[in-house]
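Below, each chain spelled out in residue letters.
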Amino acid sequence: KNEVEQSPQNLTAQEGEFITINCSYSVGISALHWLQQHPGGGIVSLFMLSSGKKKHGRLIATINIQEKHSSLHITASHPRDSAVYICAVSDNNDMRFGAGTRLTVKP
Amino acid sequence: NAGVTQTPKFRILKIGQSMTLQCAQDMNHNYMYWYRQDPGMGLKLIYYSVGAGITDKGEVPNGYNVSRSTTEDFPLRLELAAPSQTSVYFCASSLVSTGELFFGEGSRLTVL
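Residues numbered from 1 in each chain as written. Chains lettered and ligands numbered in written order. Predicted model: local features only at pLDDT ≥ 70, side-chain atom pairs only at ≥ 80, totals over all residues. Heavy atoms only, no water.

*Asks:* What am I meant to see in the overall build of chain A here?
*Replies:* The helix and strand inventory of chain A stands at zero helices and 11 strands. Reading chain A from its N terminus to its C terminus gives the helix and strand order β-β-β-β-β-β-β-β-β-β-β. Taking 2.2 N^0.38 as the reference for a compact globule, 107 residues should give roughly 13 Å; the C-alpha atoms of chain A span a radius of gyration of 13 Å, in line with that estimate. With the principal axes as the frame, chain A shows a C-alpha extent of 40 × 25 × 20 Å. When burial is assessed residue by residue, chain A has 45% of its 107 residues classed as buried. Accessible area for chain A stands at about 5,200 Å²; split by element, carbon and sulfur atoms hold 47% of it. (Helix = DSSP H or I, 4+ residues; strand = E, 2+ residues; numbered from the N terminus. Rg over C-alpha atoms; globule rule 2.2 N^0.38 Å. Buried < 20%, exposed > 50% of the residue type's maximum accessible area, 1.4 Å probe, protein only. Areas by Shrake-Rupley, 256 points an atom, 1.4 Å probe, with all protein chains shown as cover.)

So this is what it looks like as structure tokens:
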């Protein structure tokens, strides 16, 4: 069993829909990261959080430390949100990555 | 600022050849990392460095070597390339060990 599990693996939505991507982990962490990988391959950091909730534009990330679970929400989804979303957990110098959730938003 | 710069973007190698993937960052980050990404799998850590002159193995170090002679540069050396090393390689850096990661654009390597 992977230490970081994401669901779903693939997600297709219509433009405007509310999107939720889930991440569960089984190890102790200092922080959890949400990353976005565009079709061209580049990876950018969206959020880094260790508790509570963070919001940036239409993106919201939450974490529940007790349940070892995080969610990434996208409100009013748009085709440009189509990408692979990766959850990663870090502790000291060690970072473990989920396999990613491929999101396709159709116009 | 350029951020994290990786070269080359693409390379095809024959089995047994050697090559170096270059990585440079201009953010004065202490921490630098090399990851590989295989289809359907999460990123795997190959090597990391916590500062100039210090390197350490990650999860999948076999077949690779690194050096960190300066804060800015963290090259990854592949000796005796094997088909199992066909992958996309990402260099990343962060200011602190659990800080925000900044990634290079990736290097797609094919070993035939």
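From this point on, the discussion continues.
*Asks:* What exactly am I supposed to notice about the pairing of strand S11 (residues 107-111) of chain B here?
*Replies:* The side chains of a regular strand alternate between both faces of the sheet. Residues and elements named next belong to chain B. The two faces of S11 differ: Ser107, Leu109 and Val111 on one face are buried, but Arg108 and Thr110 on the other face are not. As paired elements, strand S2 (residues 10-13) and S11 share four bridges and run parallel to each other. Across the sheet, Phe10 pairs through a bridge with Arg108, a residue of S11. Direction of pairing for strand S9 (residues 87-94) relative to S11: antiparallel, over a ladder of three bridges. Residue pairing across strands places Val88 opposite Arg108, the latter belonging to S11. (Pairing = 2+ DSSP bridges.)

*Asks:* Please clarify how the nonpolar core should be interpreted in this entry.
*Replies:* As a rule of thumb, nonpolar side chains are buried together in soluble globular proteins. Counting 22 residues, the largest nonpolar core has Leu32 and Trp34 of chain A as the members making the most contacts within it. Mapped onto this core, the elements with two or more residues apiece are strand S2 (10-14), strand S3 (19-25), strand S4 (31-37), strand S5 (43-49), strand S7 (59-64), strand S8 (69-74), strand S9 (83-91) and strand S11 (101-106) of chain A. Core analysis: the next-biggest nonpolar cluster, separate from the first, contains 19 residues, Cys23, Tyr47, Phe74 and Leu76 of chain B among them. (Core = buried A, V, L, I, M, F, W, Y, C linked by side-chain atoms within 4.5 Å.)

*Asks:* Explain the pattern of salt bridges to me, please; I cannot follow it from the model alone.
*Replies:* Should their charged atoms come close, side chains of opposite charge can pair. A full pass over the atoms with the stated rule returns six salt bridges over all chains. Ionic pairing is found between Asp81 of chain A and Arg58 of chain A, a salt bridge with its closest N-O pair at 2.9 Å. On the criterion of sequence distance, the pair formed by Asp81 of chain A in the loop between S8 and S9 and Arg58 of chain A in the loop between strand S6 (52-56) and S7 is long-range, its members being 23 residues apart. The buried category is assigned to Asp81 of chain A, whose relative accessible area is 6%. Salt bridges here are not isolated pairs; linked through shared partners, they connect Glu3 and Arg96 of chain A together with Lys44 and Glu59 of chain B. (Salt bridge = Lys/Arg side-chain N within 4 Å of Asp/Glu carboxyl O.)

*Asks:* What is the right way to read the interface of chain B and chain A from this model?
*Replies:* Much of the literature gives interface size as the accessible area that the parts lose upon coming together. Of the residues lining the interface, 20 residues belong to chain B; the matching set on chain A comes to 19 residues. Roughly 1,500 Å² of surface becomes buried between chain B and chain A when both sides are summed, with 58% attributable to carbon and sulfur atoms. Counting the surface chain B buries against chain A, the share from its top three residues, Leu43, Thr98 and Phe103 of chain B, is 31%. Where chain B packs against chain A, one counts one salt bridge. When the shortest N-O distance is used, the salt bridge between Glu59 of chain B and Arg96 of chain A registers 3.4 Å. (Contact = heavy atoms within 4.5 Å. Buried area = accessible area lost by both parts, 1.4 Å probe.)

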